[in-house]
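Residues per chain are reported as follows:
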Amino acid sequence: MSVPAMAQDRDDGALDSNVIIVTAQRQAQSAQDVPIAVSAFSGAALEAQQIENSSDLQLTLPNITFTKTNFVSSSFTIRGIGDLCVGASCDQATAIHLNDSPLFATRLFETEFFDLERVEVLRGPQGTLFGRNATAGVVNVVTAKPRMGEFQASGDAEYGNYNAIKVKGMVNLPLGDNIAFRGAGVYVKRDGYTTNLNGGPDLDDRDMYSVRGSLRFEPTADTTIDLYASYFREDDNRMRIQKQYCQRDPTGILGCLNSSRNAESFNANSTIAATLSSREFLATQGIPTAFALGSLYGPDQYAGVSVPADPRTVNTAFTPEYFASELTFQGKIEHDFGPISAQLSGTYQKVKLDSRQDYNNNIGRRDIYATGLNTLAAAAAGAIPGLPAAYFAPLASAIIPDGPNGVLCTSDTDTIGLGVFGGNSICDATPLQFDRSNLDNSSWSVEAIISSDLDGPFNFLVGGIYADSHLTENSYYVNAFGLDYGAGLLGSFISLANGLPPSFLGTPYYRNHSDDLTVKSYGLFGEVYFDISDKLKLTGGLRYNNDKKKVRARTTLADFLVPYSQTTDAFESPFVGSLDADPGIPGNQLFQNREVKFNEITGRAVLDYKITDDNLIYASYSRGYKSGGINPPLQPIFAAPESFRPEQVDAFEIGSKNTFGDGALQLNLTAFYYKYKGLQLSKIVARTAVNENIDADIYGAEVEAIVRPDPDWMINMGFSYLHTKVKGDTFNSDPRDFGGGRSDAVIIKDITNASNCAVASTSGNAAGVNAFVNTINGAINAGLVPGLAPGAGLQPTTAFPADGGIASTGAFGICGVLEAAAAGAFAGAGVVPAAFGGIEYFSAGVPKNIRGNQLPQAPQLKFSTGVQYTMNFENGMNLVPRVDLAYTGESFGSIFNGNVNRIKGYAQANAQIQLNGTDDRWYVRGFVQNIFDSNSETGLYVTDQSSGLYTNIFSLEPRRYGIGAGFKF
């Protein structure tokens, strides 16, 4: 349900106390006169309904959801269309605007709302009116502008549980007859919501501020110049991920099973840190297995380690770190040339972000490492014949500087690729693992619009925009003690075997690094308006889009030798030539360079009819577009598209906007159908986001209402229904189930890189495919495969638990060997009997048909209601209690649906009571948010197979309550 805007001041053009003036069509109009599904909130409405940030908007708006996502971003989903694409080159499906101008990589959704004129949410494609085109819609945040000739000030202070402090303020200063300044700011600080069983402060706190300055100059009655600057900064221990859930896989082949999300630890034998340091893998490399940190068939790092059932309790030795800042400048000049108006605006942004937290939100065992660490210490001391101490002492001094029973040191997330071997480390008594996501982006745009207000039946709007975004740093790191150990041990043995200086394999941590991304985009757009009669109006619009994207990127983990003695950048190593970041080009490349170009013509047509001055009906068609992009580099390499196509949606909509009883009832109705082509959808395979395109159909309906039986009562209600489904036969592989639900498939955990692959029978012969895998593993064990030493001890295929949702069997193995064997490479060579046939290999899993599946983050049902009553006293004061209730129905967090991806429906309730002084000069209030203390989940993320396939959860805040007071004059 939606809670539209409350009253605006009369001098802003409000028609009655239910109406707000919007610029949804780039001109000031009542929202009830705009033939677009638009919901708007005035600044007063935002405060009354406790809408403090963008996440709160989802509780009141129809067919809107909002969730944080895994890589310091978020998804604002409108009518089932959200940001399902993962990667630096992905565009937003929902265009985020500040004062009508588009923003890139904005942190606007992380700050608190303050001193706003209104927030507009436009549902459906809006490319013929707004900046960069988008498929879902537009969120336009409009700040309060300076007022001429009038001194104003306001302040608000709030204190609540979790020692929460919030202070907001505004001052409006006239600087002459035709110039004024307005300054505003907000400061928020609170303790964390999450308890750390390992001690220390509570996690997930906030410490942020935002300041804004605006200058308005009106040199003539027809000219307005606005200048704007703002700065936002946050520096705290906020968590990107609240909780991790898993149905533990006892085999270690998957890490987590496929039926449910439980408070259980995943099986760490499925991770790359475990495989690279396992006795099975080391044996294939001819490395003494005494160096292993464990066996893939033995206890894993989290065996017997519990996970707290409380969703806001974790156990971590790594305190999260979160930093974000955004600097924004805007300028706009508007001039009326009689019936023609022109405006020119520009925006500059600079965004920085850096976030780190425990990768697994748990503390693992170190006892299973004892044999390996003791062996390393002995080699470092020269106590193992044939192993010179010079090759192992640098490794031991870096990761176990106090000996095998002392602290364990893990690479810090440096930018030069040396990590712990360059002295950049974090040490602890427990083995650490953490990730880091960071970016540094600057962008600017300029837009020009000319519009008319002619006396005749014809009017128009034409515009053009150019936008330039430059991302100079965007990395995702995963650091773990096991990775450092594996990179160092392998590097030492490789350099020893080849007579090279003692070396480790760089980088000793995983880093997906977009070193440089430029996006250059321009659009030409316009609309014409023709009054067929006094009541009937036709709108037609066109837009031309042109997007160019160029990226330089690479993904590294233990790829090339780096001498332990090196103190400069790892990529200056004399052995860096063995790194090939772009296998698609002959020779070895240190970066993958890709460039894509897209252009598209889109448009819309609207026919609206005014039955009366208070009743409008309309029908519209519009086409939305979102440009394609470039997939991040793969590591390891498998068959996947290098780029993904643009999205396109054909949107059909009918609606009715009505006001009855002189404002006693406002009722808006909308129905829509979307034909979606090329929906961009991401999944994580082999440690990399792979974006693909699918088609979908979407339809639904929305109801928004405000009831005012008398001026003292206000009741808002709303409802939305949404149906989404994947259209046509669409085959895709599910990372949770690489066997595709087939009993004649075997899921393989590759012991060389911890990715998964699968083999299946072409004839449905389950026994045959299991025998094939067992024979190949036997050949590996016996040392019959060239390049692999004997002694791996790989075991036969095994069944997964009956309640795990996996029909296939599984095994540890080596995918490359199985691929070659399936292709007949070893037939007759003493490795595989020639009798084997009918085996098919799948590097990215066995695809299954997802036809008819629901889109992620698309609940079928939503409703909300709010009730507010004003009790007026004879002394001029009034008391206003208000209650809001919202329900969001069940949805899925993944296109593969199923119980394991199900997001339960949830209810949220807020209440507030405010005492206003005479003439509203001051007020005091008490409030409570999330009355039921619901642990409401808004989204989920399935991690990679080499990390254990656990599920990261994103949720709304717990119950908050407090008191506040403020003034305004």
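Note that the coordinates shown come from a computational prediction; the quantities given were computed from them, not determined experimentally. (Residues numbered from 1 in each chain as written. Predicted model: local features only at pLDDT ≥ 70, side-chain atom pairs only at ≥ 80, totals over all residues. Heavy atoms only, no water.)

### Re the overall build of the chain
Scanning the chain from N- to C-terminus turns up nine helices and 52 strands. The C-alpha radius of gyration computed for the chain amounts to 30 Å, which stays within 12% of the reference 30 Å derived for 969 residues, consistent with globular compactness. On the principal axes, the C-alpha backbone points of the chain span a range of 95 × 55 × 50 Å. Across the 969 residues that make up the chain, the buried fraction comes to 61%. Partitioning the contacts of the chain with sequence separation of at least 6, the portion at a separation of at least 24 is 70%. Total accessible area on the chain stands at roughly 33600 Å², and carbon and sulfur atoms take up 57% of it. Of the charged side chains in the chain, 72 are positive and 100 negative, and the gap between their average positions amounts to 3 Å. (Helix = DSSP H or I, 4+ residues; strand = E, 2+ residues; numbered from the N terminus. Rg over C-alpha atoms; globule rule 2.2 N^0.38 Å. Buried < 20%, exposed > 50% of the residue type's maximum accessible area, 1.4 Å probe, protein only. Contact = heavy atoms within 4.5 Å. Areas by Shrake-Rupley, 256 points an atom, 1.4 Å probe, with all protein chains shown as cover. Lys, Arg positive; Asp, Glu negative; His and termini not counted. Charge placed at Lys NZ, Arg CZ, Asp CG, Glu CD.)

### A word on the environment of Leu496
With respect to the secondary-structure elements, Leu496 resides in helix α7 (residues 481–497). A residue is classified by how much of its surface remains accessible, and Leu496, at 24% relative accessible area, is partly exposed. A sequence separation of 149 residues divides Leu496 from Thr347, and the C-alpha atoms of the two residues are 57 Å apart. Leave out the neighbours within four places in its chain, and Leu496 touches Gly386, Leu387, Pro388, Tyr391 and Phe392.

### Regarding the sheet that holds strand β50 (residues 937–942)
Spatially, three strands are ordered β16-β51-β50 in an open sheet, and the strand pairing comes out antiparallel. Every other strand in the sheet has two partners, leaving β16 (243–245) and β50 as the edge strands with one partner each. Averaged over neighbouring strand pairs, the angle between their axes works out to 30° when direction is ignored. (Pairing = 2+ DSSP bridges. Axes fitted to C-alpha atoms, helices over the stretch in contact; angles between N-to-C directions.)

### A word on the pattern of salt bridges
Scanning the model with the defined rule gives 43 salt bridges in all. Across the pair Arg216 and Asp226 runs a salt bridge, and its minimum N-O distance is 2.8 Å. Here Asp226 lies in strand β15 (residues 223–236) and Arg216 lies in strand β14 (residues 206–220), a separation of ten residues in the sequence. Exposure remark for Asp226: the relative accessible area of 11% places this residue in the buried category. (Salt bridge = Lys/Arg side-chain N within 4 Å of Asp/Glu carboxyl O.)

### Some details on the packing of aromatic side chains
Applying the stated criterion across every chain, the model contains 28 aromatic pairs. Arranged with centres 5.4 Å apart and planes meeting at 45°, the rings of Trp444 and Tyr466 form a pair that is tilted. Pair noted here: Trp444 is in strand β22 (residues 433–452) and Tyr466 is in strand β23 (residues 458–480), with a separation of 22 residues, a long-range link. Judged by its relative accessible area of 40%, Trp444 is partly exposed. (Phe/Tyr/Trp six-rings, centres within 6.5 Å; stacked < 30°, edge-to-face > 60°.)

### Quick notes on the sheet that holds strand β8 (residues 116–123)
The sheet built from five strands is open, its strands ordered β3-β8-β9-β6-β7 with mixed pairing. Strand pairing shows two members of the sheet lacking a second neighbour, β3 (38–42) and β7 (101–102), which therefore form its edges. Of the pairings in the sheet, the one linking β8 to strand β9 (residues 137–143) comprises seven bridges and is antiparallel in character. Directly across from Arg118, in β9, lies its bridge partner Val142.

### So, the nonpolar core
In terms of nonpolar packing, the biggest core is built from 98 residues, with Phe291, Phe392, Ile399, Leu489, Val759 and Ile780 touching the most fellow members. Those residues in contact with Ile780, other than ones at most four positions away along the chain, are Thr284, Val785, Leu788, Ala789, Pro790, Ala792, Leu794, Ile814 and Val817. (Core = buried A, V, L, I, M, F, W, Y, C linked by side-chain atoms within 4.5 Å.)

### A closer look at α7
Taking 1.5 Å as the rise per residue, α7 with 17 residues should run 24 Å; its terminal C-alpha atoms sit 24 Å apart, in good agreement. Of the residues flanking the end of α7, it is Gly499, one or two places downstream, whose phi is positive at about 65°. (Expected span 1.5 Å × (residues − 1).)

### Observations concerning the pairing of strand β5 (residues 74–78)
Counting buried positions along β5 gives four out of five residues, so the element sits mostly inside the fold. Hairpin geometry of strand β4 (residues 64–68) and β5 is characterised by an intervening segment of five residues between the two adjacent antiparallel strands and by a positive phi of about 50° at Val72.

### Description of the side chain of Asn362
Checked against the element boundaries, Asn362 lands in the loop between β19 (340–358) and α5 (370–380). Given a relative accessible area of 4%, Asn362 falls into the buried group. Ignoring sequence-local partners within four residues, the contact set of Asn362 consists of Ser265, Tyr302, Val305, Ser306, Val307, Asn315 and Gln433.

### Points about empty space enclosed by the protein
One way to see where empty space is left: roll a probe the size of a water molecule over the atoms. With the rule as written, the count across this model stands at 13 cavities of 30 Å³ or more. Here the second largest cavity is characterised by a volume of approximately 210 Å³. What lines the second largest cavity is a set of 20 residues, and nearest its centre among them are Leu108, Thr111, Ser210, Tyr228 and Ser230. Contributing elements (two or more residues each) for the lining of the second largest cavity: β9, β14, β15 and β18 (321–337). Counted by class, the lining of the second largest cavity contains ten nonpolar, six polar and four charged residues. (1 Å grid on protein atoms, 1.4 Å probe; cavity = no way out; pocket = protein on both sides within 12 Å on 5 of 7 lines; lining within 4 Å. Points joined across faces, edges and corners; volume = space filled by probe spheres on them. Nonpolar A, V, L, I, M, F, W, Y, C, P; charged D, E, K, R; others polar.)

### What to know about helix α9 (residues 815–822)
What α9 keeps buried is the set Cys815, Val817, Leu818 and Ala821. Seen along its axis, α9 keeps its buried residues to an arc of 160°; they face one direction. Of the surrounding secondary structure, the elements contacted by the buried residues of α9 are β37 (745–750), β38 (756–761), α8 (766–781), β40 (809–813) and β41 (839–842). Just downstream of α9 lies Gly824, where phi reads positive at about 85°. (Arc of directions from axis to C-beta.)

### Remarks on the environment of Asp202
Within the element layout of this structure, Asp202 appears in the loop between β13 (195–196) and β14. Linking Asp202 and Asn875, residues 673 residues apart in sequence, is a C-alpha distance of 46 Å.

### Re the state of the cysteines
Enumeration over the complete set of coordinates arrives at four disulfides. One disulfide in the model links Cys246 with Cys256; its S-S distance is 2.0 Å. Across the S-S bond of Cys246 and Cys256 the torsion is about -120°, and the bridge reads as left-handed. With Cys246 in the loop between β16 and α3 (272–276) and Cys256 in the loop between β16 and α3, this residue pair connects regions lying ten residues apart in the sequence. Disulfide partner of Cys757: Cys815, at an S-S distance of 2.1 Å. Between Cys757 and Cys815, the S-S torsion sits near -100°, and that sign places the bridge as left-handed. A residue pair is termed long-range when its members are at least 10 positions apart, and Cys757 in strand β38 and Cys815 in helix α9 qualify at 58 residues. For the pair shown, Cys757 and Cys815 are each scored as buried. Looking at the chain, its bonded cysteines, counted consecutively from the start of the sequence, adopt the pairing 1-2, 3-4, 5-6, 7-8. (Disulfide = S-S within 2.5 Å.)

### A few points about the pairing of strand β51 (residues 951–955)
Within a regular strand, the side chains alternate between the two sheet faces. Here β51 lies mainly inside the structure; five of its five residues are buried. Every second residue of β51 is oriented toward a common face, with Thr951, Ile953 and Ser955 on one face and Asn952 and Phe954 on the other, all of them buried. Alignment of β16 against β51, held across three bridges, turns out to be antiparallel. In the strand pairing of β51, Tyr245 is matched with Thr951.

### A word on a nonpolar patch on the surface
Among the surface-exposed residues, Phe151, Leu173, Leu175, Phe181, Trp922, Val924, Phe967 and Phe969 lie close enough to one another that they form a single nonpolar patch of about 710 Å² accessible area. Summarising the element assignment, Trp922 is placed in strand β49 (residues 922–929). For Trp922, a relative accessible area of 35% puts it in the partly exposed group. (Patch = residues over 30% accessible without salt bridge, like charges linked within 9 Å, V, L, I, M, F, W, Y side chains within 5 Å.)

### A closer look at the confidence of the model for the chain
Parts of the model with low pLDDT should not have their predicted coordinates read in detail. Per-residue confidence for the chain averages 91 on the pLDDT scale, and 95% of its residues sit at or above 70. Scored below 50 in pLDDT, residues 1–17 makes 69 contacts in the model with residues more than four places away or belonging to other chains. (pLDDT = per-residue confidence, 0-100.)

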